[in-house]
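Examination of the molecular architecture
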Amino acid sequence: MDKDSWIIFSNADPNGNGKRGLPKLRDIFRRQRQDSDGGTDCPDLEYVYADADTYTNEIAELYSYTEQPEFQLNVKAFEYQMEMYGLKLCWQKQTMEQKKSIIAKLLDQLEVSNKVLRMKAARCFLYLAQGCWAEMQSDKEQQACTKDNVYLLYECGVFHAFVELLNIEIDNSATASTAMRKLAVSLADSTDLRVILSVLYIIAEVIRCMGEDDSPEWQRLGEAFKHDISHPIGDELLVVKLFGMVTRFCSGSAPHFPMKKVLLLLWKMILVSLGGISVLRELKWKYREQAGLTVLEEDTIAVVRTMRASSPPACAADLLEAHTQNQKRNNRPFRRSLMKQSSLDESLGIEFEQTDEEMREFDEQQAMEDTGDMPQPPSPHPMTPAPAKGLPWIPKVRQKDLDVFLENTRIKFVGFPLQGDRESLFGLPQPIHEGVRVLKQHIYTSLAEIQVQQEEDIAKSPISVKEPTVALTPTETLYQGLLPNLPQYMIALLKILLAAAPTSKAKTDSINIMADVLPEEMPMTVLQSLKLGTDVNRHKEIVVKAVSAILLLLLKHFKLNHIYQFEFMSQHLVFANCIPLVLKFFNQNIVAYVNSKNVIPILDFPACVIGDQPELTAESLEIGDSQLYSWRNVFSCINLLRILNKLTKWKHSRIMMLVVFKSAPILKRTLKVRHAMMQLYVLKLLKMQTKYLGRQWRKSNMKTMSAIYQKVRHRLNDDWAYGNDLDARPWDFQAEECALRASVDRFNTRRYSTNSLDPDYEPVDTCITSVLGSLNSVKLTEEFKQHYDLWLQQEVFQTSVNWDEILNYSYM
């Protein structure tokens, strides 16, 4: 036992001089409390959630460390072309007319039949898009040159030319068959595709990061780029083409596709064409105004930034150790005891003697700490905005909740319900009047409810109810392109996510997402092995980041565009086991994952090619690594939690999946990451399943329940903390999913099928000629043809028909 602990438990100083150690008691206890609550393994993360990381980091993540030798090939290709054209080797010394002339010549070379010449021209374009780094002295110069060159390349039509080049490489069956025959696909098998995808990605990323202070000409080119990728280039959308590459890779027919670059480009194409956080917020306000709904000026991202992270839960090892220490403690009687809260959920008793005066002083000090009145030590990092007083969210009430409340109270006080009456409060006591007033004051009608009601009206009266006009927005265009194969796309993305998850074990039948990072020759030294191991882990993290961002963006945009587009995608994700997959991802040491340092700054582009390069040693691998956490890993975790929330919100069958897969302990461990936004989405997932976890779980996790109350939005008459919700009955879960599936299929058939009419509502053919003509398919026997006259005489002419009886029968 250390000295401080001995002072506490013996209530004496180390020298045995009675109670002289007591003045230190509060300081020691407060320090221990801060150590426990602060979570020494994961300090508060000063992380700001955004659409993507900084431009520098996003460009650096495009390249694997094993691709570093290929940078020199780009310079050599450029110098070779300049010598062939008889021009200066320095791009910066060329005039604008010469630059455009060089680009035109290289575009012509892209169309020759000789693949070697085509790829030399492609490498020249890649060198230009990389900012002609061989001529630059600093990163800022290289970034400025990249920006100038990218807008010039796009203006000259290079982007469309590379899309055509991508089509050629996708359809290259010879390369695919060669890769399929190999036992292990390596970096060399995807060389040409990686060059093409890198050029497309750099153009997309530079234009995505366009600033408001850019020139009007660049602004115009940026808008033209967004328009181009939102419409088919050639035969289909570029996003659909990239999704096709993903499914071909997962099916095994194209194992050489560089999946990391494909996914990164796919993510940025969706982000540019559909928009990110700010665009989603503006679209939501716009669509609510068009639907005649009130607009809440409440932005989730902005509200979360004012929150403060909660204390993490104690791990099982800490609890066991503390329990063991308690058992070994002296059993002499104590006059008073205090409970030291060592975690978010579990409390451990630490008992010691104190005088009444010291006890009161300690209680006052702890109360000041709990209310936030204590002065905080200075932080070395900029702090988030100060949290606002009171609860952070405006409460909401659904119209369904108000209807249920009125029905139950009328049955209780009046004796019968009044269907459809939301105004009359006759016979109800005054407190009920006040409750109804408060509920009505906080009623929130979502866009989804309006859209579902419209679909139900059309289904009931398909002829009389007019079909609403469908605006051909970028999201609508994308949905129409993805609809035929959307289930396959979702399965492919989840397969890749499973292969990249750190908790997944390598299997012989799993897909190989390492094809574009593994070199042809395996490392021979320890340093090379360390570099490759870091590169492989970094590669997996980037893949998870891209897949999670793609899924979240599509879900959010489809939900805004139409709720049934969102439900169609979410149902196929659920059917493909997305929920257990995400829980499997979080069933790891999530603090270690967030704090992982799978990065070698001196090998990141452009640091690896500009200026003098230090010798690669074990010490130099960590030069420049000052980040306290991994941006991409925090981003991935938040995205996956948001996806899980979107899949399960208001869906009792899916919430039960969270319970069945024992998600509560997994999610509680995730609370150890001290970041308010991540904790908020974890608490939301815990809140929706508390009613199913039982009274004992709620009783032993009261600190978690308190955190839910403080941070998650309130639904005023939602008794989530008591488990009395009638909707929690489990017997209609299957019917719920089937009814939703039927509604979604009806929506897709009516809107997007060539034969969208229900057979019962198709026009009846009353033309006798066409009706008789349709009988040509009926085959008559030779015997019938010989005795046709006899059949006509007996069955038609000599038979009387009681038409009234037939009519009466038809109406029965």
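Thresholds applied
- Residues numbered from 1 in each chain as written.
- Predicted model: local features only at pLDDT ≥ 70, side-chain atom pairs only at ≥ 80, totals over all residues.
- Heavy atoms only, no water.
- Phe/Tyr/Trp six-rings, centres within 6.5 Å; stacked < 30°, edge-to-face > 60°.
- Helix = DSSP H or I, 4+ residues; strand = E, 2+ residues; numbered from the N terminus.
- Buried < 20%, exposed > 50% of the residue type's maximum accessible area, 1.4 Å probe, protein only.
- Axes fitted to C-alpha atoms, helices over the stretch in contact; angles between N-to-C directions.
- Parallel < 35°, antiparallel > 145°, perpendicular 65-115°, else oblique.
- Left-handed = near helix turned anticlockwise from the far one by under 90°.
- Contact = heavy atoms within 4.5 Å.
- Nonpolar A, V, L, I, M, F, W, Y, C, P; charged D, E, K, R; others polar.
- 1 Å grid on protein atoms, 1.4 Å probe; cavity = no way out; pocket = protein on both sides within 12 Å on 5 of 7 lines; lining within 4 Å.
- Points joined across faces, edges and corners; volume = space filled by probe spheres on them.

Further remarks concern the packing of aromatic side chains. If you walk through the whole model with that rule in mind, you get 28 aromatic pairs. Where Tyr479 meets Tyr752, the ring centres are 5.5 Å apart and the plane angle is 55°; that geometry is what we call tilted. Here Tyr752 lies in helix α33 (residues 733-752) and Tyr479 lies in helix α21 (residues 474-482), a separation of 273 residues in the sequence. What makes Tyr479 buried here is its relative accessible area of 0%. Pairing Phe784 with Tyr788 gives two aromatic rings, centres 6.1 Å apart and planes at 65°, and the pair type is edge-to-face. By relative accessible area, Phe784 is classed as partly exposed at 27%. For Tyr788, a relative accessible area of 38% translates into the label partly exposed. Members of the aromatic cluster, joined through ring pairs, are Tyr63, Phe71, Phe78, Trp91, Tyr127, Trp133 and Phe605.

Here we come to the packing of helix α14 (residues 277-290) against helix α23 (residues 526-561). Two numbers describe how α14 lies on α23: the axes approach to 10 Å, and their chain directions differ by 15°. Overall, the two elements α14 and α23 adopt an arrangement that is roughly parallel. At the point where α14 passes α23, the crossing takes the left-handed sense. Taking contact as the criterion, the partners of Leu280, Leu283, Lys284 and Tyr287 in α14 are, on α23, Lys556, His557, Leu560 and Asn561. Of the residues contributing to the contact of α14 with α23, the split by class is four nonpolar, two polar and two charged.

A few words on empty space enclosed by the protein. Counted by the stated rule, this structure contains eight cavities of 30 Å³ or more. Together, Tyr63, Glu67, Glu70, Phe71, Asn74, Arg123, Leu126, Gln130, Arg194, Val195 and Ser198 line the largest cavity. Mapped onto the lining of the largest cavity, the elements with two or more residues apiece are α4 (70-85), α6 (115-129) and α10 (191-208). Looking at side-chain class alone, the lining of the largest cavity contains four nonpolar, three polar and four charged residues.

Let's shift gears to the side chain of Gln81. Within the fold, Gln81 resides in helix α4. Look past the residues within four positions of Gln81 in its chain and what remains in contact with it is Leu106, Gln109, Lys120 and Cys124.

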